[in-house]
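Residue strings, one per chain:
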Amino acid sequence: MRLTTITAALALTAGAAYADGHAKMVAPGDVAFSEYGEVDASLSGKPGDPEAGRAIMISRGKGNCIACHEVTALNDAPFHGEVGPMLDGIGSNRSAEELRGIVANAKMMFPETVMPAFYKTSGFIRPGNGYTGKAAKEEDLSPILTAQEIEDVVAYLMTLTDS
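All values derive from a computational prediction rather than experimental measurement.

## A few points about helix H4 (residues 96-105)
Item 1. Along H4, eight of the ten residues are buried, which leaves the element largely enclosed by surrounding structure.
Item 2. Glu 98, Leu 99, Arg 100, Gly 101, Ile 102, Val 103, Ala 104 and Asn 105 are the residues of H4 that are buried.

What follows is the structure, given as structure tokens:
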């Protein structure tokens, strides 16, 4: 009983933090991109964890950033790609706001990119009856990365200051 009371109190405290704006998460459809594609505000309301971001960068089931980008600091992870630009020194060349925008939805900054939008849930073109024999579903998809995972990747990218 005591553990349940403590858990409930913690949940109410966490909810209060969101209600007063200190740690409000931004939903994928509510991300505010600047004219040039930057995202000024944290998506999670919390600082990113560079170590968690590093894990996402090399995770085949999550970000898998190295499938397209080469990163010298991640040489212990195999199979770096050459589709996207090398990320060495990106933390010196781009701001956190620019990186947040690129990771959330790179097409807002680079309309012709093939980089996926990691924090987008709607507006996708899906095959319908002509291709699958079934009607395409119209509901939103889940984002590839959560708001906090985006912040974690940005925090890691900001550590890449040597080119």
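## Looking at the nonpolar core
Item 1. Counting 26 residues, the largest nonpolar core has Leu 43, Met 57, Val 71, Ile 150 and Leu 157 as the members making the most contacts within it.
Item 2. If you list the elements that add at least two residues to this core, you get helix H2 (50-58), H4 and helix H6 (147-159).
Item 3. Counting residues per element, this core draws most heavily on H6, which supplies six residues.
Item 4. With residues up to four places along the chain from it excluded, the contact list for Leu 43 reads Lys 24, Met 25, Val 26, Val 31, Arg 100, Ala 104, Tyr 119, Ala 147, Ile 150 and Glu 151.

## Examining unusual backbone geometry
Item 1. Despite not being glycine, Asn 64 has its phi angle at roughly 50°, a positive value.
Item 2. In this fold, Asn 64 is placed in the loop between H2 and helix H3 (90-93).
Item 3. Not every positive phi belongs to a glycine, and Phe 79 is a case in point at roughly 65°.
Item 4. In this structure, Phe 79 sits in the loop between H2 and H3.

Definitions and limits used
- Residues numbered from 1 in each chain as written.
- Predicted model: local features only at pLDDT ≥ 70, side-chain atom pairs only at ≥ 80, totals over all residues.
- Heavy atoms only, no water.
- Buried < 20%, exposed > 50% of the residue type's maximum accessible area, 1.4 Å probe, protein only.
- Helix = DSSP H or I, 4+ residues; strand = E, 2+ residues; numbered from the N terminus.
- Core = buried A, V, L, I, M, F, W, Y, C linked by side-chain atoms within 4.5 Å.
- Contact = heavy atoms within 4.5 Å.

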